[in-house]
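# Structural overview for review
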Amino acid sequence: MGFVALAVGIGAALALFAGAFHMFNHAHAKTLLFVAAGALGQRYGTLRLAHLRGALEVAPLPALGLLVGTLAITGVPPFAPFASEFGVARAGFAGRPTALAGTIVLILGTVLVFGGMLFHAMNVVLRSAPRRRYRAPFPLASVFIGAPIGVLLVMGVWLPPILRDGFAATASVLGLVP
């Protein structure tokens, strides 16, 4: 959510639009991560990260959700958070020197977070599976994991006019229209 704070601090129309768009994207990516983590927790009988491994073998759909959610929330293209983060960064680079400095610091921090999150997600997904596994069913996994993945992919390449107008209206509340 540092991108939203930076967007408000920059205050430009593009930054505010991208900040509103980023809140929407972040909510969907975080939802995907929580649902995937919950499904994996049910499947393994624990939420301790050290005990979650081999998820691709044990629970392929939640494992996919974890990987896609990790990539999306860290701002990797073609997912929607990349588009919103790029908008904030673009506004920051065009703004005042303090906005430029804040943008550079936030981008460097995002790269570090990406590395750490991807390391842990890959350990959960790709390490060898434990011998003992729980078989808790998750009957609606395809809906609760598939819907956010679809939204994050579609919004990364196309923003429906109704949402575009809504984000523009959000930016205009502060007196700026993109």
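The rules behind each value
- Residues numbered from 1 in each chain as written.
- Predicted model: local features only at pLDDT ≥ 70, side-chain atom pairs only at ≥ 80, totals over all residues.
- Heavy atoms only, no water.
- Helix = DSSP H or I, 4+ residues; strand = E, 2+ residues; numbered from the N terminus.
- Phe/Tyr/Trp six-rings, centres within 6.5 Å; stacked < 30°, edge-to-face > 60°.
- Buried < 20%, exposed > 50% of the residue type's maximum accessible area, 1.4 Å probe, protein only.
- Core = buried A, V, L, I, M, F, W, Y, C linked by side-chain atoms within 4.5 Å.
- Contact = heavy atoms within 4.5 Å.
- Lys, Arg positive; Asp, Glu negative; His and termini not counted.
- Salt bridge = Lys/Arg side-chain N within 4 Å of Asp/Glu carboxyl O.
- Axes fitted to C-alpha atoms, helices over the stretch in contact; angles between N-to-C directions.
- Left-handed = near helix turned anticlockwise from the far one by under 90°.
- Nonpolar A, V, L, I, M, F, W, Y, C, P; charged D, E, K, R; others polar.

### What to know about unusual backbone geometry
Of note, the amide linkage connecting proline 77 to proline 78 takes the cis form, showing an omega dihedral of 10 degrees. The topology assignment puts proline 78 in the loop between helix H4 (60-73) and helix H5 (80-94).

### Regarding the packing of aromatic side chains
All told, the structure shown has 4 aromatic pairs when counted by the stated rule. Where phenylalanine 24 meets phenylalanine 167, the ring centres are 5.8 Å apart and the plane angle is 65 degrees; that geometry is what we call edge-to-face. Of the two residues, phenylalanine 24 sits in helix H2 (residues 13-44) while phenylalanine 167 sits in helix H8 (residues 161-173), which places them 143 residues apart along the sequence. For phenylalanine 167, a relative accessible area of 8% puts it in the buried group. Taken together, Phe17, Phe21, Phe24 and Phe167 form an aromatic cluster joined through their ring pairs.

### Quick look at the nonpolar core
Core analysis: the biggest nonpolar cluster contains 32 residues, and Leu40, Leu66 and Leu152 have the highest contact counts within it. Looking at this core, the elements with two or more residues in it are H2, helix H3 (55-58), H4, helix H6 (97-126) and helix H7 (141-157). Among the elements that line this core, the one with the most residues is H2, at 10 residues. Ignoring anything within four residues of it in the chain, the contact list for leucine 66 reads Leu33, Ala36, Leu40, Ala121, Val124 and Val125.

### What about the environment of phenylalanine 79?
Within the secondary structure, phenylalanine 79 sits in the loop between H4 and H5. Between the alpha carbons of phenylalanine 79 and valine 151 there is a distance of 8.8 Å; along the sequence they are 72 residues apart. Setting aside residues no more than four positions away along its own chain, phenylalanine 79 makes contact with Val68, Leu71, Ala72, Leu152, Leu153 and Gly156.

### Concerning the side chain of glutamate 85
Relative to the helices and strands, glutamate 85 is located in helix H5. Although buried, glutamate 85 forms no salt bridge, and the nearest oppositely charged side chain, lysine 30, lies 11 Å from it. When neighbours within four sequence positions are excluded, glutamate 85 is seen to be in contact with Phe3, His22, Ile73, Thr74, Gly75 and Thr110.

### Examining the side chain of histidine 26
Inspection of the secondary structure assignment puts histidine 26 in helix H2. In this view, histidine 26 contacts Met1 and Ile73; residues no more than four positions away in its chain are not counted.

### A look at the packing of H5 against H6
In contact at an axis separation of 7 Å, H5 and H6 are set at 145 degrees when each is read in the N-to-C sense. The handedness of the crossing between H5 and H6 comes out as left-handed. Residues Glu85, Ala89, Gly92 and Phe93 of H5 lie in contact with H6, whose contacting residues are Ala99, Leu100, Thr103, Ile104, Ile107 and Thr110. Considered class by class, the residues forming the contact of H5 with H6 number 6 nonpolar, 3 polar and 1 charged.

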